[in-house]
Structures are given as structure tokens and as C-alpha cells.
Amino acid sequence: MKEAWQTLFPDIGEIKNQKLAKVACGVWDEMLPQSEWADVQSVPFSLAPGSGSLVAHTRATMRACLRIARALTGVYPGRVLDLDVLLLSALLHDVSKIVEYSPNGRTEAGNLYQHAFLAAHAALNAGMPEAVVSIIMLHTPQTNVPMKFLEGVILKHAEGGIAASGTDYQRQIDEAMA
Ligand SMILES: [Fe+2]
């Protein structure tokens, strides 16, 4: 239900096309029963210990995308960004982690498919704009296909920063320096 998702992801309220926002929330609704998770809050951002939750990652990524977009258009007023495409992509970019992971580790689907393929597939089936489907599909470093949309470049970098802070980043730095 959209209201429940908006509590977790407040920037859903910034999406102009609320009909599409509702459809995107439906993608989260449909992904959950296909998974082994009892509730969405239990889904981790990654299988690395201390990575935080998928919900926190998604909330932070949406917020970061919005702020980068506003900063960018403030400095470059001629640059037009589609905020709906940006926010819908941010909302759905990692939704397939729900079925890529289980409480016991990586699932069969997680092994079979490139990360985010199932998110893009679900978004396409739900009728999301092609730009959103493409951005979801191409946001992962697992693909070598270049990003096609500026909104996607923003998402990719924003979520990369959020991902780094969501993992045990200091430990990784310490290990690299050791
Ligand atoms: Fe991702």
C-alpha cells in the first residue's frame, strides 16, 4: 500500500505523477511475498556484515538524488532533469534485493540473474517508463553497458556513496591500508 511505503520512503511525496508512484509501490508489494523475508525491514542492503537495511539505503538514496538534482538545476538552470524518473528509479533500483537475498544468504534467483535484472523486469511489467527500467538495469557495476540518462548517472553516484556508508566502510579502509 502506497501510504505504508511513503512512511518508509518520504520522498515518494515529491513524485509529481502519484499514479506512477502508486504503481512503483506495488512493485515493492509484489516482490515481498516472492521472498523468504517476513518483513521488508529485515532485508539487508548487502550480504556483508553491518551493511544496514535495504529500506535505509533506498530512503537515503532517494533523498540524496533529490538534493543532487536540486543543487544541479540551481547551478545550471538550463539543465532539465526529470525528477519523477529520478525518484522512481531511486525507489526501485534495488527492490530485487528482496528476492536476490534470503535470511540464509544469496538465493537461486540472486545467483542466476545479474543484480537489478528482476527489479527492471518487475518495473517493465508494471508499466514504468522505459527510462526508469533502463536506469534500474544499468545502475549496477555488474553491467558494462553505459548509463543512458543523466538521472541515472546521478542515481548511480548517489547510491554508490550511500552504499559505501551503509557498509562497514572504515573496516574496508583499514584492511586496504594494513
Ligand atoms: Fe543496486
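Quick note: structure is the one above.
Residues numbered from 1 in each chain as written. Predicted model: local features only at pLDDT ≥ 70, side-chain atom pairs only at ≥ 80, totals over all residues.

Undergrad: How do you make sense of unusual backbone geometry when you look at a structure like this?
TA: Only a minority of non-glycine residues have a phi that is not negative, and only a minority of peptide bonds are not trans. At Ala116, a position not held by glycine, the phi torsion is positive, near 80°. Within the fold, Ala116 resides in the loop between α6 (108-112) and α7 (117-126). For Ala116, a count of 24 C-beta atoms within 10 Å translates into the label buried. (Helix = DSSP H or I, 4+ residues; strand = E, 2+ residues; numbered from the N terminus. Buried ≥ 20, exposed ≤ 12 C-beta atoms within 10 Å, placed from the backbone.)

Undergrad: Got a minute to help me understand the packing of helix α4 (residues 83-92) against helix α8 (residues 130-138) in this structure?
TA: The geometry of a pair of packed helices is captured by two quantities: the angle between their axes and the separation between those axes. The N-to-C vectors of α4 and α8 enclose an angle of 45°; their axes lie 9 Å apart at closest approach. If you check the angle between α4 and α8, you find them oblique. In the crossing of α4 with α8, the sense of the turn from one axis to the other is right-handed. Listed contacts from α8 to Val85, Leu88, Ser89 and Leu92 of α4 are Ala131, Val132, Ile135 and Ile136. Grouping the amino acids of the contact of α4 with α8 by side-chain chemistry returns 7 nonpolar, 1 polar and no charged. (Axes fitted to C-alpha atoms, helices over the stretch in contact; angles between N-to-C directions. Parallel < 35°, antiparallel > 145°, perpendicular 65-115°, else oblique. Left-handed = near helix turned anticlockwise from the far one by under 90°. Contact = placed C-beta atoms within 7 Å. Nonpolar A, V, L, I, M, F, W, Y, C, P; charged D, E, K, R; others polar.)

Undergrad: Quick question: what am I supposed to make of α8 here?
TA: A turn of α-helix holds 3.6 residues, and therefore any two residues three or four places apart point the same way. Counting buried positions along α8 yields 7 of 9 residues, so the element is predominantly enclosed. All of the buried residues along α8 are Val132, Val133, Ser134, Ile135, Ile136, Met137 and Leu138.

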